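# Remarks on the overall topology
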Amino acid sequence: MPASYRDIAADLRQQISEGRYMPGDKLPMLTELQTQYGAGYQTVRSAIALLEQEGLVIAVRRRGTIVRERPEKRRITRSRQVFRDEKGYFFDPTAQPWVPLETPTRRWGVVPVDLAPLMGLATGAEVFIRDRVMGDPETGKPKQLATSYLSAELARGTPLAEADTGPGGIYDRLEEMGHRPLRWSESVSARMPSPEEAEALNLPADVGVPLLRVVRVTTSPTGEVVELNDTRMSAEEFEIGYSIRRHASARLPDADEDGDEEDH
């Protein structure tokens, strides 16, 4: 039975994964792949198209199909802590030096359907939205998109809706408004970017690069959701990392109270 396009893609994918084709290497020509796999032109072309969609290869004019160079990943350390510097609260030391690369936008709009339940709002509810493109101030390269959502009832007529929210930003204003101490929880997921998001983050247009998505919910001590932050970044460039601690159920028989083995 002739190889299917999925079989051919799987074999080439494995060869790329194992380093038999390194970044920058050229894959065999389509006619060579036809002979190698005993498949027709369209079958081989479909296999290459699948690898292109996965971001493993790119078609380069006059060169052929090239194994795609990928950026070295940087780890975003989620240590389940909130930090503070002279600018206010921040959640990731890696992103601390990043700044808005353009003037943040603010607008009134409708809460996204997938975020409405997290905010305790009805579908179609009005919210105040702040959008920021954050990046490296030295290179000017965008690193993440950060969007804050606040209920219209909470934000209207307050400094939260102003262009300049003042020292410490919206979190300091929220605590000054009586919602202190703020509490945070977050979830991590992934999805494909919209064309606008891909353009803002300078993601390659000819391959599918997913977004790493961190949704952080800010609540008051009463449990009221006072803000939701939706941060998106390239899943090719960043990964989420965190330390793992032993639970009491996983203690070694001869461990001390801190979970460390006792010296013998």
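Okay, so let's go over this structure. All figures in this text were calculated on a predicted structure; none of them were measured in a lab.

A few words on the pattern of salt bridges. Using the criterion set out here, one finds 13 salt bridges in the structure. Salt-bridge contacts for Asp114 lead to Arg213; the nearest nitrogen and oxygen are separated by 3.0 Å. Taken together, the residues span a long stretch of sequence, with Asp114 in the loop between β7 (105-110) and α4 (116-119) and Arg213 in strand β11 (residues 211-219) at a distance of 99 residues. Asp114 gets classed as partly exposed once you look at its relative accessible area, which sits at 43%. A salt bridge links Arg191 to Glu197; the shortest N-O distance between them is 2.8 Å. In this structure Arg191 comes out as partly exposed when scored by relative accessible area, which is 28%.

Quick look at the packing of helix α2 (residues 30-37) against helix α3 (residues 41-53) now. It is the contact of α2 with α3, at a shortest axis distance of 9 Å, that shows an interaxial angle of 110°. Of the possible angle classes, the one that applies to α2 and α3 is roughly perpendicular. Between α2 and α3, the contacting residues are Leu30, Leu33 and Gln34 on the first element and Tyr41, Val44, Arg45 and Ile48 on the second. When the residues that make up the contact of α2 with α3 are grouped by side-chain class, the tally is 5 nonpolar, 1 polar and 1 charged.

Attention shifts here to helix α6 (residues 169-179). α6 sits mainly inside the fold: 8 of its 11 residues count as buried. Within the span of α6, buried status applies to Gly169, Ile170, Tyr171, Asp172, Arg173, Leu174, Glu175 and His179.

What counts, and at which threshold
- Note on numbering: residues in each chain are counted from 1, in written sequence order.
- Totals for whole chains, interfaces and linings use all residues, but because this is a predicted model, local features are given only for residues with pLDDT of at least 70 and pairs of side-chain atoms are given and counted only at 80 or more.
- Side-chain measures were taken over the full set of non-hydrogen atoms in the model, leaving aside hydrogen atoms and water.
- Any Lys or Arg side-chain nitrogen located within 4 Å of an Asp or Glu carboxyl oxygen qualifies as a salt bridge.
- Helix and strand definitions here come from DSSP, where helices need a minimum of 4 consecutive H or I residues and strands a minimum of 2 consecutive E residues; each element is numbered from the N-terminal end.
- When accessible area is computed with a 1.4 Å probe and restricted to protein chains, residues below 20% of their type maximum are described as buried, those above 50% as exposed, and intermediate ones as partly exposed.
- The angle between two axes is taken between their N-to-C directions and runs from 0 to 180 degrees, where each axis is a line fitted to C-alpha atoms and a helix contributes only its stretch in contact.
- Any angle from 65 to 115 degrees is called roughly perpendicular, while one under 35 is roughly parallel, one over 145 is roughly antiparallel, and all others are oblique.
- Here, two residues are considered to be in contact whenever any of their heavy atoms come within 4.5 Å of each other.
- Lys, Arg, Asp and Glu make up the charged group, whereas Ala, Val, Leu, Ile, Met, Phe, Trp, Tyr, Cys and Pro make up the nonpolar group; the residues left over, Gly among them, are polar.

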